[in-house]
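# Geometric and topological summary
These are the residues of each chain, in order.
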Amino acid sequence: MALHLYNTLSRARERFVPADPSRVTMYVCGPTVYNFSHIGNARPYVVFDVLARLLRRSYRLVYARNFTDVDDKINAAARAEGIGIGELTGRYIGAFHEDMQALGVLEPDVEPRVTAHIPEIIAFIERLIESGHAYEAESHVLFSVASYAHYGELSRRSRDDMIAGARVEIAPHKRDAADFVLWKPSDADVVGWDSPWGRGRPGWHIECSAMVAAHLGTTIDIHGGGQDLVFPHHENESAQSRCAHGGEAFCRYWLHNGLVRADSEKMSKSVGNIRLVRELLEEWPGEVVRLALLTAHYRQPLDWSQQLAVEARQKLDRMYGALRDAGVGGPASGVDEDPPSAVLAALEADLNTPQALAELFEFVRTANRSSDAGERFAAARALRAGASLLGLLQRDPSEWFAGDGAKDGELSDADIDALIEQREALRRERKFTEADAIRDRLADLGIVLEDVAGGTRWRRAR
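Here's what I pulled together on the structure shown here. Here the structure is a predicted model, which is why all the values come from computation and not from measurement. (Residues numbered from 1 in each chain as written. Predicted model: local features only at pLDDT ≥ 70, side-chain atom pairs only at ≥ 80, totals over all residues. Heavy atoms only, no water.)

### Re the pairing of strand β1 (residues 4–7)
Here β1 shows one buried face, formed by Leu5 and Asn7, and one open face, formed by His4 and Tyr6. Linkage of β1 to strand β2 (residues 12–15), two consecutive antiparallel strands, is achieved through a turn of four residues, within which Arg11 is found at a positive phi near 60 degrees. (Buried < 20%, exposed > 50% of the residue type's maximum accessible area, 1.4 Å probe, protein only. Helix = DSSP H or I, 4+ residues; strand = E, 2+ residues; numbered from the N terminus. Pairing = 2+ DSSP bridges.)

Spelled out as structure tokens, the structure:
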């Protein structure tokens, strides 16, 4: 595999060479589960799902994606509902799994939860204290930034920028304004665990370090997440991990995806433009949402809009139409021929999904234009094989065009078929005005008809 990835640490595209080809390790920061996931939350999981699919072609991959299931936002949300954090996080973990399944995101190999790793977190903090990189103060434990000479090498921020960017609290118990919390005390009404420093709970950054070490080892190949995590989360994670392990490298390739905006504005509660994944799934098939997230290069920002979803639906209609017309039916079996070399080359060039999609549409054009049935069939097979790396075109084409069945108030498949038969009878009787009225009625209801040799086929335009 000639895979090249842009490494945030070096600010350069590098050839990916795993430390151990028999066990490639990748960790992606998962959600803090106090609410439903929005489309910006979903982007890294779709992006790194593509990378995982690509890596598994050549390596044995161990992919870990965590759940942060204890956090001040979780505590506040649970308190507001009058329930325990376990009940709250269980609800949103379930919702997250439903959303990811709808988006075609495969499950990682490991899904560690913070609350299941408190002993490992405490032991990790103890190593940092013993090595002089952390200290206890007023029931808190803090990482000493001054003790680590390479702090800031990932984000490349100045000290003043780092303090401002981390929004640190200038607390009297800190030795340095830049020091960050590893453990903090819990009052009686806040969830907590016994520790050498009193009853408390972990800080955010230490969680991932402990879970990475527990499941993947001291040094991992790839660490992924959104660009908003470069600082402070990943900077702090790297610093404390290297200090806890005697200076050994923590991550060899850092990958970060661009952020998602909504209609050219930053998503925020105050603006009221947050797009929840499950709300989008009420309007669009999950595959449409997935393709829309892959239309821009992962390192670039992506602007979510209604038009983006419309265009993604149109692209999928064209691709599924090419499969259907060439006679490639049924769900993807997973045993199709190797993906086309041009699609592989695009993805191996730092996950260039826009180029990979462009290569797929070359096969669409061949399948649609060729007069040779064998050539059309081969092009459609190559199209599906290439699309599988992107997690696309996994459904039977006829199922795709039928949609996910009728929703409340919509015509059933049987109703649509009956109306089409009625239209065909009217056309045979040369009652074209009445036949056109049925077409128009179906169009108003979101049913698109296509008259082809041998009859009429239909699809739901959603």
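### Focus on the sheet that holds strand β13 (residues 302–304)
Ordered in space as β12-β11-β13, the three strands form an open sheet in which the pairing is mixed. Looking at strand neighbours, the two that pair on one side only are β12 (265–266) and β13, the edges of this open sheet. Here strand β11 (residues 260–262) pairs with β13 via three bridges, running parallel. Considered in β13, the bridge of Arg261 is made with Asp303.

### Thoughts on helix α10 (residues 306–326)
The terminal C-alpha atoms of α10 lie 30 Å apart, and with 21 residues this matches the ideal 30 Å at 1.5 Å per residue to within 8%. Against α9 (286–294), β13, α12 (353–369), α13 (373–389), α14 (397–402) and β15 (455–460) lie the buried residues of α10. In the segment just after α10, Gly327 is the residue with positive phi, at about 85 degrees. (Expected span 1.5 Å × (residues − 1). Contact = heavy atoms within 4.5 Å.)

### Here we look at helix α16 (residues 432–444)
Here α16 contains 13 residues, and its C-alpha end-to-end distance of 18 Å stays within 8% of the 18 Å for a straight helix at 1.5 Å per residue. Restricting attention to buried positions, one finds in α16 the residues Ala435, Ile438 and Leu442. Looking down the long axis of α16, one finds its buried residues gathered within 55 degrees of arc, a one-sided arrangement. Exposed and facing more than 90 degrees away from the buried side of α16 are Thr433 and Asp444. Those residues of α16 that are buried are in contact with α15 (413–428) and β14 (447–452). Where α16 terminates, the next one or two residues include Gly446, which has phi positive at roughly 85 degrees. (Arc of directions from axis to C-beta.)

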